[in-house]
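Architecture at a glance
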Amino acid sequence: MTSTDMRTEAEDSGPSGYAAARLRLLQEGARSGPPRRAALAELTDDWLSGLFDAGADQPRGISLVAVGGYGRGELSPRSDLDLVLLHDGSADAGTVASLADRIWYPVWDLGLALDHSVRTPAEARKTAGEDLKVQLGLLDARHIAGDLGLTAGLRTAVLADWRNQAPKRLPELQELCAERAERQGELQYLLEPDLKEARGGLRDATALRAVAASWLADAPREGLSEARKTLLDVRDALHLATGRATDRLSLQEQDQVAADLGLLDADTLLRQVYEAARVVSYASDVTWREVGRVLRSRAVRPRLRAMLGGGKPAPERSPLAEGVVEQDGEVVLARAARPERDPVLPLRAAAAAAQAGLPLSLHAVRRMAAATRPLPTPWPAEAREQLVTLLGSGPSTIEVWEALEAEGLITRLLPDWERVRCRPQRNAVHIWTVDRHLIETAVRAAEFTRRVHRPDLLLVSALLHDIGKGWPGDHSVAGEIIARDVAARIGFDRADVATLATLVRHHLLLVETATRRDLEDPATVTSVAEAVGSQGTLELLHALTEADALATGPAAWSSWRGSLVADLVKRVSAALAGDDPEEPEAAAPTAEQERLAIEAFRTGGPVLALRAQTEPPTEEPSGDPEPLGVELLVAVPDQEGVLPAVAGVLAMHRLTVRTAELRALDLPDGVPGSVLLLDWRVAAEYGSLPQAARLRADLVRVLDGSLDISGRLAERDAAYPRRRGTVAPPPRVSVASSASRLATVIEVRAHDAPGLLHRIGRALENAHVRVRSAHVSTLGANAVDAFYVTGAEGAPLPGEQAASVARTLEDTLRE
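Scope of this entry: the structure provided in the associated data block. (Residues numbered from 1 in each chain as written. Predicted model: local features only at pLDDT ≥ 70, side-chain atom pairs only at ≥ 80, totals over all residues. Heavy atoms only, no water.)

1. A closer look at the pairing of strand E2 (residues 81–87)
For E2, a buried count of seven out of seven residues is recorded, marking the element as mostly surrounded by other parts of the structure. Taking every second residue as pointing to the same face, both faces of E2 are buried, with Leu-81, Leu-83, Leu-85 and His-87 on one and Asp-82, Val-84 and Leu-86 on the other. In this structure, strand E1 (residues 62–66) lies alongside E2, joined through five bridges in antiparallel fashion. Note on E2: the bridge partner recorded for Ile-62 is His-87. Relative to strand E3 (residues 114–119), E2 runs parallel, the two sharing six bridges. Note on E3: the bridge partner recorded for Val-84 is Ser-117. Running through helix H4 (residues 93–109), the crossover from E2 to the neighbouring parallel element E3 is right-handed. (Buried < 20%, exposed > 50% of the residue type's maximum accessible area, 1.4 Å probe, protein only. Helix = DSSP H or I, 4+ residues; strand = E, 2+ residues; numbered from the N terminus. Pairing = 2+ DSSP bridges. Right-handed = clockwise from strand over helix to strand, strands pointing away.)

This is the structure we're talking about:
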């Protein structure tokens, strides 16, 4: 039977005819989705029009109006009928009441849910002004029967009211959405989601339509219509499967709904729902951010115009990294940025945004997605460092990661991510999908970066530990294979690849052993020690275990579990303990280093040399070596204050120190004295590197006391714009007992920041200790430094003095 035949049957036979035609439409297997919803709305329109026109006298100045979802023509099988009987006040009350009864009662008789009201246009507008939900419904007002002009007039007036009142009503709507999200949770992670009320559901999609109708801002449209269609299709199937007007996709209904939609299984269904919800949620984030920006600019602009005497001030742009700036509270690309020539730009922009605690501009992400060429294999060192920085930025990582994922950049960087993206976890302990759990684990791991010597390996293992859940079999076994491939592609060396693979393979080992095995049995400890292999890996695995559990859900970790795991780690560590490590033996100086040292001794001042560093050629056809940064060699006659002086000059010139080594170099036979040799790898925060001559001139002035480097850095910090930024774990300074027989080893683990090494050097100088050698590395946003210090006589520090120096240094860095 055609749609025309159904409408004729509904009109000719009254309620029973409509019910039969409606049932026949819903049972048609060939028609579903938007065509069925539109046909059901059209069928209902015709039936209600017949009821409206059934009276002997056709009243004037009255119309029947559909609002809400029915107004949009989106009738699901068990949707409410949202109706307004609109009248201009000219008809008497009895006539209006009689007409209302003629429409409402047949609807009730069929058992259909009805949301109805009888109002004049003025009453409708007044109610809308008082009740935001009424206003939202009226924005989708659609004429069904009666006085078309009356309906058109109301619609025009309601839209005008909405646009005029948008600066006041949109923040109210945003608050309403936030409150609903707090109550219902996020649709993209729930095992039994409410398709309408949860964040990212149909209510949020409707809110985005309302924002667009205000003309104040608009939602990103790519994928939004398809996401909304997916959610509506699932709700239709849910209504038909249950026979009820429900929006909650409960576990017991998911198999039937999946089958009705022609999907493989319930997991496939949930993944589609999650993907749709993610699109709506991301569009909501972008849209509400734009609304806030527009409202702020409207509030500030009149005052600025008054102060500046008219005109529109140019937006302030503050540099964050090479090719990346902040503007209007978002991270955007610099005007000189060339994503088509800079494959690291997406990771650099993401890391800068996460570190600053700012969102990535939608335009910037889309521009990078469209123009950026793929990274070479293996990745250049900068790309690996920026990924680690992004992962180590704490909670702000999540929003930035989701922005990259929304435009397909994550799966382009990490193709294996596709298998875990939006993948549900049917486990009551887990509260996230697999992909979000991995990011949450990295966020948790960022809190523990001060506990480990290799925070980069901890963060990457957190990202990859469940990557095998997209494959059949034991996810730890599959994950080990994938982790090896991903780690090598990212550019880790062979030893680090092996460590990451071990961490992924055994990420459940500690908690399962601690809670299920007898720790007093030596065989238990031995088996764990054999699996882990080294103290460094055990340290990483302990931190990963806790981060994984905390990111799983409240039921996965407790003080009891934590104490058991800590006990096991202590026992395994004792089993792994071997000979005491010794201070690394410095390599013999190169010819260039000897030349610089002799020249420094001869001139009595610092000597500098800059040269580019590269790593082996990539697998790209060009075979060109990848730049690692710039190596800066500094030779200075042995004297106090060299480390803070050099570090301060580099910070003043906005050079980031990636690695650094300091050592005293004895001059060749026949040349008395010694020279301090500093070997640094540095990179410009943005812009080009300064000339070596300028660096040397400033270093000379700092060493002779004519340039107050500490004061200059303090002035610059005071003038630097304050940002919310990421909240990094506090610094941790410790004494590595028995690490060397020749010196006291003080380890510093802190958040990398401009001037950090200068502050450390000053604090050590103020403590009246000599830095015999230093080994500094920056892993992402984490500085992991070791300083071999002695007293004035060249001997290791006594225990109490070493502890005091460490405490003082930690207090200084916490200020």
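2. Concerning the packing of aromatic side chains
Counted by the stated rule, this structure contains four aromatic pairs. Ring centres 4.2 Å apart and planes at 5° place the aromatic pair Tyr-18 and Trp-47 in the stacked group. One end of the pair, Tyr-18, is in helix H1 (residues 3–26); the other, Trp-47, is in helix H2 (residues 33–52), and 29 residues separate them in sequence. By the burial criterion, Tyr-18 is buried, and Trp-47 matches it. (Phe/Tyr/Trp six-rings, centres within 6.5 Å; stacked < 30°, edge-to-face > 60°.)

3. What about the nonpolar core?
Formed by 93 residues in total, the largest nonpolar core has its most connected members in Leu-360, Trp-379, Trp-401, Leu-414 and Trp-417. When residues no more than four places from it in sequence are discounted, the contact partners of Trp-417 are Trp-401, Glu-405, Ile-410, Thr-411, Asp-435, Leu-438, Ile-439, Leu-463 and Ile-467. Residues Leu-650, Val-657, Val-682 and Leu-764 belong to the second largest nonpolar core, which totals 50 residues. (Core = buried A, V, L, I, M, F, W, Y, C linked by side-chain atoms within 4.5 Å. Contact = heavy atoms within 4.5 Å.)

4. A look at helix H23 (residues 535–552)
The periodicity of an α-helix, 3.6 residues per turn, causes residues three or four places apart in sequence to face the same way. Compared with an ideal rise of 1.5 Å per residue, which puts 18 residues at 26 Å, H23 spans 26 Å between its outermost C-alpha atoms and is within 8% of the ideal. By the criterion of burial, H23 is predominantly enclosed, with 14 of the 18 residues buried. (Expected span 1.5 Å × (residues − 1).)

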